[in-house]
Amino acid sequence: MDVLTQTILQQVTGGALSGISKKIGVDQNTMQTALAIGVPLLVTALAKNASKPAGAQALHQALVKDHDGSILNDVAGYLKDPQAANGAGILGHVLGNQQPVVAQGLAQSTGLNADQVGQLLQIAAPLVMGALGSQTQQQGLDQKGLAEFLGNQQQAAQQSQPDIMSTLNSLLDTNKDGSALDDILGMAGKLFGNK
């Protein structure tokens, strides 16, 4: 499992996990499983964006400016008003018009419905950015270091969940060329102004 997913799963134990579960209307075990699948999807999308210098630069700037990791210091407070962190905006940029397809695919993998998956991803997106911002600060990552870190996190996610990551790759492969890498890059690039 990648460090970012581990960090988020550790932060959303107990009361925070219960809070997310109640907001979405599912039990805690289902929610934890869904987070363990949804967060690596977001990590993969960000890794693809950061694999190009312009994407890494834009992501690094966004992390330094807006995502210092402080969201992880008060997850319970964040969950009182998750819309304030603009998870929907982050998600819209990262997944673009593939968001409904991804939500449906994740719904099949998790037992949630597509609306519940959408809510979950909107809650998870700011947490992922916060965890990434925290790692960027703690490790003193520059743009190149950020790209390498995300690439390593993507590999860890793929190794720990190869079947799920294969399914996600299929869902995100919009041009049906057998690889979602180019598709994820295009979608994630929108988040940071790389069109």
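The structure presented is a predicted model; accordingly, all values stated were derived computationally and were not measured.

**Q** Would you take a moment to explain the overall build of the protein for this structure?
**A** Helix and strand content of the protein: 11 helices and zero strands. For the protein, the α and β elements follow one another from N to C terminus as α-α-α-α-α-α-α-α-α-α-α. Counting every position in the protein, which comprises 195 residues, the buried fraction comes to 53%. When contacts within the protein are restricted to residue pairs at least 6 apart in sequence, long-range pairs at least 24 apart make up 75% of them. Only carbon and sulfur atoms are counted for the fraction: they give 47% of the accessible area of the protein, which is about 8700 Å².

**Q** I keep staring at the nonpolar core and nothing clicks. Help me out?
**A** For soluble globular proteins, the rule of thumb is that nonpolar side chains tend to be buried together. One finds L35, L59, L127, L132 and L150 to be the most contacted residues of the largest nonpolar core, which totals 54 residues. Per element, the largest residue contribution to this core is 13 residues, and it comes from helix α3 (residues 28-50).

**Q** Help me understand the packing of α3 against helix α7 (residues 99-110) in this model?
**A** For any two helices packed against each other, the geometry is given by the interaxial angle and the distance between the axes. At a minimum axis distance of 10 Å, the contact between α3 and α7 shows a crossing angle of 140°. Here α3 is positioned oblique relative to α7, judged by the angle of their axes. Crossing geometry of α3 relative to α7 is assigned as right-handed. Across from T30, A34, I37 and L41 in α3, the residues of α7 making contact are V102, L106, S109 and T110. Classifying every residue of the contact of α3 with α7 by side-chain character gives five nonpolar, three polar and no charged.

Conventions we followed
Residues numbered from 1 in each chain as written. Predicted model: local features only at pLDDT ≥ 70, side-chain atom pairs only at ≥ 80, totals over all residues. Heavy atoms only, no water. Helix = DSSP H or I, 4+ residues; strand = E, 2+ residues; numbered from the N terminus. Buried < 20%, exposed > 50% of the residue type's maximum accessible area, 1.4 Å probe, protein only. Contact = heavy atoms within 4.5 Å. Areas by Shrake-Rupley, 256 points an atom, 1.4 Å probe, with all protein chains shown as cover. Core = buried A, V, L, I, M, F, W, Y, C linked by side-chain atoms within 4.5 Å. Axes fitted to C-alpha atoms, helices over the stretch in contact; angles between N-to-C directions. Parallel < 35°, antiparallel > 145°, perpendicular 65-115°, else oblique. Left-handed = near helix turned anticlockwise from the far one by under 90°. Nonpolar A, V, L, I, M, F, W, Y, C, P; charged D, E, K, R; others polar.

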